[in-house]
Amino acid sequence: MQEIKEVRQLLTEWQKDNKISGKLQNVIAEVLGTNKTKVGTLEHIDGRLIEPFKNEFAAGKISTNAANEIAGLDEAAQQVLYDTYKETGSLTAK
């Protein structure tokens, strides 16, 4: 996620004086050697996931898929889920 943020920042700065052809998300994906779906997923996680879950994600304790699903919840629901996760040590799909 950090690489995406850094590349986006650099490209946004570069774009002030230059033209980038195509969508920025596609350019970021190309620069990082991945696909735009992965970039979009990681940006969604970074923008919406509460900090405690971001830490778990960064530590490899929850998968990208789980983090993306959790990020789709509102902040209060994420916090309740996180509290349950800390008590039980696991996440289950419902």
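Residues numbered from 1 in each chain as written. Predicted model: local features only at pLDDT ≥ 70, side-chain atom pairs only at ≥ 80, totals over all residues. Heavy atoms only, no water.

Student: Quick question: what am I supposed to make of the pattern of salt bridges here?
Tutor: A side chain with one charge may pair with a side chain of the opposite charge, provided their charged atoms come close. If you walk through the whole model with that rule in mind, you get 5 salt bridges. With its nearest N and O atoms 2.7 Å apart, the salt bridge here joins R8 to E43. Remark: E43 occurs in helix α3 (residues 36-48) and R8 occurs in helix α1 (residues 2-15); sequence separation between them is 35 residues. Note that K54 and D46 form a salt bridge whose closest N and O atoms lie 3.5 Å from each other. D46 shares its class with K54; the two are buried. Among the ionic contacts, a cluster of salt bridges with common partners joins K5, D46 and K54. (Salt bridge = Lys/Arg side-chain N within 4 Å of Asp/Glu carboxyl O. Helix = DSSP H or I, 4+ residues; strand = E, 2+ residues; numbered from the N terminus. Buried < 20%, exposed > 50% of the residue type's maximum accessible area, 1.4 Å probe, protein only.)

Student: What am I meant to see in the packing of aromatic side chains here?
Tutor: Aromatic rings in a pair are described by how distant their centres are and how their planes are angled relative to each other. Taken as a whole and assessed by the stated rule, the structure comprises 3 aromatic pairs. For the pair F53 and Y82, a centre-to-centre distance of 5.1 Å together with 85 degrees between the ring planes defines the contact as edge-to-face. Of this pair, F53 sits in helix α4 (residues 51-58) while Y82 sits in helix α6 (residues 75-88); the two residues are 29 residues apart in sequence, bridging distant segments of the chain. With relative accessibility at 0%, the residue F53 sits in the buried group. Of the residues examined, Y82 reaches a relative accessible area of 14% and is grouped as buried. With centroids separated by 6.1 Å and ring planes inclined at 45 degrees, the aromatic side chains of Y82 and Y85 adopt a geometry described as tilted. One end of the pair, Y82, and the other, Y85, are both in helix α6, 3 residues apart, so they sit about a helical turn from each other. With respect to burial, Y82 and Y85 carry one shared label: buried. Through a chain of ring-to-ring contacts, three or more aromatic side chains come together here, namely F53, Y82 and Y85. (Phe/Tyr/Trp six-rings, centres within 6.5 Å; stacked < 30°, edge-to-face > 60°.)

Student: What should I look at first to understand the nonpolar core in this one?
Tutor: Considering soluble globular proteins, one finds that nonpolar side chains tend to be buried as a cluster. Of all hydrophobic cores here, the largest spans 21 residues; its most connected members are L11, I28, L49, F53 and I62. Where this core is concerned, the elements lending two or more residues are α1, α2 (24-32), α3, α4, α5 (64-71) and α6. No other element matches α2, which puts 4 residues into this core. Setting aside its immediate chain neighbours within four residues, I28 contacts I4, V7, R8, L11, V39 and E43. (Core = buried A, V, L, I, M, F, W, Y, C linked by side-chain atoms within 4.5 Å. Contact = heavy atoms within 4.5 Å.)

Student: Could you clarify how one ought to interpret the packing of α4 against α6 in this entry?
Tutor: Packed helix pairs are characterised by how far apart their axes lie and by the angle those axes make with each other. For the pair α4 and α6, interaxial distance at closest approach is 9 Å and the crossing angle is 50 degrees. On the basis of the axis angle, α4 is oblique to α6. For the pair α4 and α6, the contacting residues are P52, F53 and E56 in the first and Q78, L81, Y82, Y85 and K86 in the second. Among the residues forming the contact of α4 with α6, the class breakdown is 5 nonpolar, 1 polar and 2 charged. (Axes fitted to C-alpha atoms, helices over the stretch in contact; angles between N-to-C directions. Parallel < 35°, antiparallel > 145°, perpendicular 65-115°, else oblique. Nonpolar A, V, L, I, M, F, W, Y, C, P; charged D, E, K, R; others polar.)

So far we have only geometry, and geometry alone does not tell us how the molecule works.
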